[in-house]
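Take a look at the letters that make up each chain.
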Amino acid sequence: MAFIACNAGSSFNLLNREAFKVSPKNHIQGRLKNNLSLEDFRTWNTFSLSSFRTKGPFLSSSLSSFRRVLRAPTCSNADPGQSILTTNNNGDANSSERKLVVLVIGGGGREHALCYALKRSPSCGEVFCAPGNAGIAHSGDATCISDLNILDNVAVISCCHTRGVELVVVGPEAPLVAGLVDDLTKAGIPTFGPSAAAAALEGSKDFTKKLCDKYGIPTAKYKTFADPLEAKEYVKEQGTPIVVKADGLAAGKGVIVAMNIQEAFDAIDSMLVANTFGSAGSRVIIEEYLEGEEASFFALVDGETALPLESAQDHKRVGDGDTGPNTGGMGAYSPAPVLTSELQSLVMESIIHPTVKGMAAEGCKFVGVLYAGIMIEKKSGLPKLIEYNVRFGDPECQIELVVDVEVRFQPLPHYGVLLQQNHVLMMLLESDLAQVLLAACRGELGGVSLSWSPGSAMVIVMASNGYPGSYEKGTIIKNLEEAELIGPMVKIFHAGTALDPKGNFIANGGRVLGITAKGKDLAEAREKAYKASEVIDWPEGFFRRDIGWRALSHIYTKTS
């Protein structure tokens, strides 16, 4: 069976339309068709493909390298029994092997998910992660550069030049606000993420609120204060419940929903008097309490064009039943039933597009991912903006990026025709992630359409006992590999792990693991995620046991 690369301009022919078949020995046989689906192909967490046989070279591959281009010497005339793939316009077969070298900045669960997805992008070759973590390095999803200071922009640029990096993806907010994207862009290195000026959408809630006022973006009524006495007077005028927010970055902990006057006063004193959040709390936003249901909405932006991603919904409170203090997120699922297609269109029309246009008008075009916290207000049923983040969410990223196995052939700009393999574990997004992010950097999202896998995904966060307060580090975590092997489409992303001298995984943070699963629907995804969570042996850790309850109640209400 021949997979022959042949110069045919910038398009390709597939003369033979037979589907692949999977033999009992896990050999893939057959010829190509336009859009192949291996319907009976099911895999556990690891899977070896013994070989691909061609009339030319004999190509040996594993699942992780299955996405490579299959090619043989070019030809001018094809045998009708052969399948033809194009190379580039000049017929140079070697150029079809060119792959992007990508650097992911960060070291949490979000970055692990990005590395995992990029590693499986057909146009992506080597993936580096700085600083990364033990789980990322152990999994082989990226080569970790643990000694690179990601807040030293000069060092990051030097690293990119040394390693031939062609695309940088910035995960956490701190390097964005510190201007890493600005400096990388000046150095000629394509970087996915906003400039320091545009990152103010997350770096300053006051900035975002003023933008909403100016461009008519629906949001909660608010006032900004630097004086604690004035802030308290405003609280007394407005009454409770009311929301007190630190203006700057506070690691997801700078929002207090005060149910009474004393709680509001305590929050104000904590930020403006006790200086709990440092300069991030030097101003506070006192905001109207919105009653309704919260959801997350993501859009990729290239400065002018915005493409919506799948919706998601997370659980911020630490305890079951949405009780206890806010956290960085204890679990999430996608898509979010509360965000109907009609509401998603309304979010794009009334919130995302005005934001993108407003930022451009203000002279700081936004490039990156807009992560909008949306409240579907109970009294009106309409969406209002709560706040913006300017990067992929964590833990939402782990579920935005989970799929069925699908093999497709697709022409990719500048890289010839590549065999696309979408892994069972990673990505509701079926498009080539590396190419999509590169298109955003180039201002070319207008020519991109995204395709999504059916089904649902869920992630359950395992955290150290005591989180979000004080917690113990160095506790041993066991049975991680066993947990991933409970069934197909289960993946554990590492957010805060390290290795001890004996090679054991140990907890090295508050939120430590993200147990992610994909299913045909939310109920199946939830069952798999919880089953895997129960296998993990970590007495010093905990997780919520009710992730997804809102979505399931929506589904059951609609079907009853």
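Because the structure is predicted, anything quoted here is derived from the model rather than measured.

Peer 1: Just checking my understanding: could you explain the overall build of the protein chain for this structure?
Peer 2: The secondary structure content of the protein chain amounts to 15 helices and 33 strands. When the accessible area of the protein chain is evaluated, it comes to approximately 22,300 Å², of which 50% is carbon and sulfur surface.

Peer 1: I'm lost on the pattern of salt bridges in this one. Help?
Peer 2: Once their charged atoms are close, side chains differing in charge can pair, the charge on each being opposite to the other. A complete count under the given rule lists 26 salt bridges for this structure. Between Asp 322 and Arg 550 there is a salt bridge, with its nearest N and O atoms 2.6 Å apart. Here Lys 384 ties to Glu 377 by a salt bridge, and the two come within 3.5 Å at their closest N and O atoms. Overall, the relative accessible area of 19% leaves Lys 384 in the buried class. For Glu 377, a relative accessible area of 6% puts it in the buried group. Residues joined by salt bridges that share partners form a network here, namely Asp 320, Asp 322, Arg 544, Asp 546 and Arg 550.

Peer 1: Just to check I follow, could you spell out the environment of Ile 150 for this structure?
Peer 2: By secondary structure assignment, the location of Ile 150 is in the loop between β10 (143-144) and α3 (153-163). A relative accessible area of 14% places Ile 150 in the buried class. C-alpha separation for the pair Ile 150 and Val 170, spaced 20 residues apart in sequence, amounts to 9.7 Å. When sequence neighbours within four positions are dropped, the list of residues in contact with Ile 150 reads Ile 105, Gly 106, Ala 130, Pro 131, Val 156, Pro 172, Pro 175 and Leu 180.

Peer 1: In this structure, what is going on with the state of the cysteines? I would like to understand it.
Peer 2: What is meant by a disulfide is a covalent connection between two cysteines, made through their sulfur atoms. This model, assessed by the stated rule, comprises zero disulfides. Not engaged in a disulfide, the cysteine Cys 124 finds its nearest cysteine sulfur in Cys 115; these two sulfurs lie 9.3 Å apart. You can call Cys 124 buried: its relative accessible area is 0%.

Peer 1: Explanation requested: the sheet that holds strand β30 (residues 497-499) in the structure shown.
Peer 2: Strand-to-strand pairing in sheets goes through backbone hydrogen bonds, with the strands running parallel or antiparallel. If you trace the three strands from one edge of the open sheet to the other, you get β28-β31-β30, paired in antiparallel fashion. The open sheet has two edge strands, β28 (476-477) and β30, and neither has a second partner. Where β28 meets strand β31 (residues 505-507), two bridges bridge the pair, whose relative direction is antiparallel. Following the sheet pairing, Ile 476 is matched in β31 by Ile 506.

Peer 1: I would appreciate a short explanation of the confidence of the model for the protein chain in the present structure.
Peer 2: The predicted coordinates should not be examined in detail at positions where pLDDT is low. With 75% of its residues at a pLDDT of 70 or more, the protein chain has an overall mean of 79. Within the model, pLDDT remains below 50 along residues 1-96, and this stretch shows 199 contacts once partners closer than five positions in the same chain are excluded. The low-confidence segment residues 403-427, where pLDDT is below 50, has 122 contacts with residues more than four positions distant or belonging to other chains.

Peer 1: For this particular structure, what's the right way to read the packing of helix α7 (residues 205-215) against helix α10 (residues 341-361)?
Peer 2: In a pair of packed helices, the angle between the axes and the distance between the axes together describe the arrangement. Between α7 and α10, the least distance of the axes is 10 Å, while the angle of their chain directions is 100°. Put simply, α7 runs roughly perpendicular to α10. Residues Phe 207, Leu 211 and Tyr 215 of α7 form the contact with α10, whose own contacting residues are Pro 354, Thr 355, Gly 358, Met 359 and Ala 361. Residues of the contact of α7 with α10, tallied by class, amount to six nonpolar, two polar and no charged.

Peer 1: Where do I start with the nonpolar core in this structure?
Peer 2: In globular proteins that are soluble, nonpolar side chains generally tend to be buried together. Residues Leu 103, Val 168 and Ile 352 are the most contacted members of the largest nonpolar core, which totals 50 residues. The dominant element in this core, judged by the number of residues it contributes, is α10, at seven residues. Those residues in contact with Val 168 that lie beyond four places of it in its chain are Leu 103, Ile 105, Cys 160, Leu 184, Ile 189, Pro 190, Thr 191 and Phe 192.

What counts, and where the lines are drawn
Residues numbered from 1 in each chain as written. Predicted model: local features only at pLDDT ≥ 70, side-chain atom pairs only at ≥ 80, totals over all residues. Heavy atoms only, no water. Helix = DSSP H or I, 4+ residues; strand = E, 2+ residues; numbered from the N terminus. Areas by Shrake-Rupley, 256 points an atom, 1.4 Å probe, with all protein chains shown as cover. Salt bridge = Lys/Arg side-chain N within 4 Å of Asp/Glu carboxyl O. Buried < 20%, exposed > 50% of the residue type's maximum accessible area, 1.4 Å probe, protein only. Contact = heavy atoms within 4.5 Å. Disulfide = S-S within 2.5 Å. Pairing = 2+ DSSP bridges. pLDDT = per-residue confidence, 0-100. Axes fitted to C-alpha atoms, helices over the stretch in contact; angles between N-to-C directions. Parallel < 35°, antiparallel > 145°, perpendicular 65-115°, else oblique. Nonpolar A, V, L, I, M, F, W, Y, C, P; charged D, E, K, R; others polar. Core = buried A, V, L, I, M, F, W, Y, C linked by side-chain atoms within 4.5 Å.

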